[in-house]
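# Remarks on the overall topology
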Amino acid sequence: MAQSDGPTPLERFINGILPENPVYRQMLGLCPTLAVTAAMKPAMTMAAAVLFVLVCANIMVSLIRHLLQPHLRILVFTLTIAVFVTIADRVLAAYVYGMSKALGPYVPLIIVNCIIIARCEICASKQGVLPAIGDAVGQSFGNAVALASVATVREILGKGTWFDLPVMPLTSGDYGWSLMILPPGAFLTLGLLLGLNVHIQTVQARRKREAEKAASTALATSA
Amino acid sequence: MDYLAQLLLIGLGAGLIHNFVLYYFVGLCPFMGVSKKIDMALGMGLAVTFVIAIASTLSWGLTYYVLRPGAFLSSWALSLITGQAGEVDLTVLAYLVYIFSIASSVQFVEMYLRKYFPPLYKSFGIYLPLITTNCAILFACLEIMKNVVGVDTAAVWGLDKALVLSVGGGLGFTLAIVIMAGIREELELADTPKSMQGAPIAFIVAGILALAFMGFAGIDTSLGKLMLGGS
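Residues numbered from 1 in each chain as written. Chains lettered and ligands numbered in written order. Predicted model: local features only at pLDDT ≥ 70, side-chain atom pairs only at ≥ 80, totals over all residues. Heavy atoms only, no water.

## A look at the interface of chain B and chain A
Taken together, the contact between chain B and chain A spans 32 residues of the former and 36 residues of the latter. Summed over both sides, the interface between chain B and chain A buries roughly 3000 Å², with carbon and sulfur atoms accounting for 87% of that surface. Considering only the side of chain B, the residues that lose the most area to chain A are B:F25, B:Y95 and B:F203, jointly responsible for 24% of the buried surface there. Across the contact surface, chain B and chain A share 0 salt bridges. Across the chain B-chain A interface, the total number found is 2 residue pairs in polar contact (both at pLDDT 80 or more). Elements with a contribution of two residues or more to the side of chain B that touches chain A: α2 (28–33), α5 (94–116), α8 (135–146) and α10 (199–213) of chain B. (Contact = heavy atoms within 4.5 Å. Buried area = accessible area lost by both parts, 1.4 Å probe. Salt bridge = Lys/Arg side-chain N within 4 Å of Asp/Glu carboxyl O. Polar contact = N/O pair within 3.5 Å; in protein donor to acceptor, adjacent residues only side chain to side chain. Helix = DSSP H or I, 4+ residues; strand = E, 2+ residues; numbered from the N terminus.)

## A word on a negative patch on the surface
Taken together, the side chains of B:D39, B:E185, B:E186 and B:E188 present a region of like negative charge at the surface. On the secondary structure map, B:E185 appears in helix α9 (residues 159–187). (Patch = residues over 30% accessible without salt bridge, like charges linked within 9 Å, V, L, I, M, F, W, Y side chains within 5 Å. Areas by Shrake-Rupley, 256 points an atom, 1.4 Å probe, with all protein chains shown as cover. Lys, Arg positive; Asp, Glu negative; His and termini not counted. Charge placed at Lys NZ, Arg CZ, Asp CG, Glu CD.)

## Some remarks on the packing of aromatic side chains
By the definition in use, this model includes 14 aromatic pairs over all chains. Plain terms: the ring middles of A:F187 and B:F25 are 5.3 Å apart, the flat faces sit at 55° to each other, and that makes the pair tilted. Note that A:F187 is positioned in helix α8 (residues 183–222) and B:F25 in the loop between α1 (2–17) and α2, a pairing that runs across two chains. Taken individually, A:F187 and B:F25 each receive the classification buried, so the pair is uniform in this respect. Pairing B:Y24 with B:F139 gives two aromatic rings, centres 4.8 Å apart and planes at 45°, and the pair type is tilted. Remark: B:F139 occurs in helix α8 and B:Y24 occurs in the loop between α1 and α2; sequence separation between them is 115 residues. Neither B:Y24 nor B:F139 differs from the other in exposure class; each is buried. (Phe/Tyr/Trp six-rings, centres within 6.5 Å; stacked < 30°, edge-to-face > 60°. Buried < 20%, exposed > 50% of the residue type's maximum accessible area, 1.4 Å probe, protein only.)

## Digging into the pattern of salt bridges
Per the counting criterion, the structure on display carries 6 salt bridges over all chains. One salt bridge connects A:D135 with A:R119, and the closest N-O pair in it is separated by 3.0 Å. You can see A:D135 sitting in helix α7 (residues 129–159) and its partner A:R119 sitting in helix α6 (residues 114–124), a full 16 residues away along the chain. A relative accessible area of 2% places A:R119 in the buried class. Here B:E143 makes a salt bridge to B:K146, at a shortest N to O gap of 3.2 Å. Of this pair, B:E143 and B:K146 both sit in helix α8, separated by 3 residues, roughly a single helical turn. Each of the salt bridges in this network shares a partner with another, and the network as a whole consists of A:E20, A:R119 and A:D135.

Following this line, the structure appears as structure tokens:
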């Protein structure tokens, strides 16, 4: 397992944010993306918890990667993750009790968040500690970007606020679009954002194709 | 009567009113991944219900007898080791114990089915390992833990309520995934905009389904008043 035959830490880091965004491109970790995004504050707390767990789990798995047995590795991953999730859960309960109550079962549910198991499997169990850290931070930032995008739409439309700061004062209180902060709003928002993401991808691909075509015809005419 | 009414309310609450997928968003991966054909969706739903029942029985037992503060087995072990009576609070270990019990029960179910019910094993085969990382099961265990640890002695849930919650939740998951598969089979023939095909439109459909399931909200309070208030 030479460390040179794989993406470098920086590549891993940049990959995680947009090109391999866990939510929009890989469709992983959808439960928290929908469940905690009624407002920005819980969404960002969740993103921070995922960052902590993913970095720690990736470092740990990367350190023990030579000892892993193929048939037991998933169990080892989940148990490692469970330890760090317990730490994160206790810390949240000790320092931000209200937020810990508001997030409820979704903090322990980080254990079965597919992003983390996928990163342990794809990166940390194959590469050294540095690429694993880069990968973990990049993927967590990508996850945070995705959570923030959904939470921004839902909080502004649903409550007229953003991070509890008033954005649209007239829609605050009873006049908000309450559907957006209820479960259906989460599904609808994520569905529309995923559609927008696919649309942007296709438009980009078409532009690139057209630019290449134009370049090749220009080359042909000049020749 | 009170007892049956309570069980009915817990089951209805977990299955319809607070549906695991459409209200709590747990178990979304199979809900999106395995909902293209009705028969596959039904198989997945039943496999989840089966595992959820076994895993929650296991985790209820562990929580009630070992993990909760002052539990029977941990206090007994403490008195055996130190010779003093006292309470031990092992709830910090809960997540580790749950994930371990879920993983091992999935493994046991797989082995048992392979040995005694090969046809059933063949139809479940692909989904069973996937179920280990299904959040619906861990979620059911956590809900049960919430009603065993840190509540008054009189309100601590027994195995009956834990089982009703988990089986109700599992059947609610089956219902949601089968409805979703039925809609998606028809959706194949519909003229969806190009960028909305696949997952995006599936999420929109799930949103509308969640809106429909919101219609069940409030049933529990009125039903509870009717049954518990009358008796």
